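Secondary and tertiary structure notes
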Amino acid sequence: MTDDLDYLQAAIAEARAAEDDGEVPIGAVIVHNGEIIARGQNRVLRDHDPTAHAEIVALRHAGAALENYRLAEGCTLYTTLEPCSMCAGAIIHARIHRLVYAAPDPKAGACGSVLSVMNHPQLNHKVEVSNGLLAEECGALLTAFFRARR
């Protein structure tokens, strides 16, 4: 649990960095064998790329770090918000072993909040999913961001 907390704090740092650059504050890190091998933050505005969600950015970096698109062995993805359907699909295709997300996403979450892409019974890869740790902090970060933009 302590490790999960530390790694989620690293994801929150990425989210804050994204916010500093005008992006929606969502961050992610990927841990392999106890070491952060990839970091990601929302980059959709900076990169003019609708696929540049924090999770996708982190998956790209992790694939490069391990020189393999399959990240199954010992990889855990930590993210500040429940992944959307695009990110959930990418997590499954990457064969991530474990997903830890903080806040649920009642508008686009694909791990059960809106859709159930993650661990759908017809898909062959199953991901161990944990959620709720630091949910209030991550939810408050997003709420404050959107409130300031209105």
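Residues numbered from 1 in each chain as written. Predicted model: local features only at pLDDT ≥ 70, side-chain atom pairs only at ≥ 80, totals over all residues. Heavy atoms only, no water.

**Observations concerning the side chain of Asp 105**
Along the chain, the position of Asp 105 falls in the loop between strand S4 (98–103) and strand S5 (128–131). Look at Asp 105: it is buried, it has no salt bridge, and the nearest opposite charge is Lys 107 at 7.3 Å. Side-chain polar atoms of Asp 105 contact the backbone nitrogen of Lys 107, separated by 3.0 Å. Separated by 3.2 Å, the side chain of Asp 105 and the backbone nitrogen of Ala 108 make a polar contact. Those residues in contact with Asp 105 that lie beyond four places of it in its chain are Leu 81, Glu 82, Ser 113 and Val 114. (Helix = DSSP H or I, 4+ residues; strand = E, 2+ residues; numbered from the N terminus. Buried < 20%, exposed > 50% of the residue type's maximum accessible area, 1.4 Å probe, protein only. Lys, Arg positive; Asp, Glu negative; His and termini not counted. Salt bridge = Lys/Arg side-chain N within 4 Å of Asp/Glu carboxyl O. Polar contact = N/O pair within 3.5 Å; in protein donor to acceptor, adjacent residues only side chain to side chain. Contact = heavy atoms within 4.5 Å.)

**What about the nonpolar core?**
One finds Ile 30 and Leu 59 to be the most contacted residues of the largest nonpolar core, which totals 39 residues. Elements with a minimum of two residues in this core: helix H1 (2–20), strand S1 (27–32), helix H3 (54–66), strand S3 (75–81), helix H4 (85–93), S4 and helix H5 (135–149). Sequence-distant contacts of Leu 59, defined by excluding residues within four places in its chain, comprise Ile 30, Leu 71, Leu 77, Ala 90, Ile 91, Ala 94 and Ile 96. (Core = buried A, V, L, I, M, F, W, Y, C linked by side-chain atoms within 4.5 Å.)

**With respect to the pairing of S1**
Across the 6 residues of S1, 6 count as buried, placing the element largely inside the fold. Side chains Gly 27, Val 29 and Val 31 project from S1 onto one buried face, and the interleaved Ala 28, Ile 30 and His 32 project onto a second face that is buried too. Where S1 meets strand S2 (residues 35–41), 6 bridges bridge the pair, whose relative direction is antiparallel. Residue pairing in the sheet places Val 31 in a bridge with Ile 36 of S2. Across 5 bridges, the pairing between S1 and S3 is antiparallel. What sits directly across from Val 31, in S3, is Thr 76. (Pairing = 2+ DSSP bridges.)

Keep in mind that these numbers describe shape and distance, not what the molecule does.
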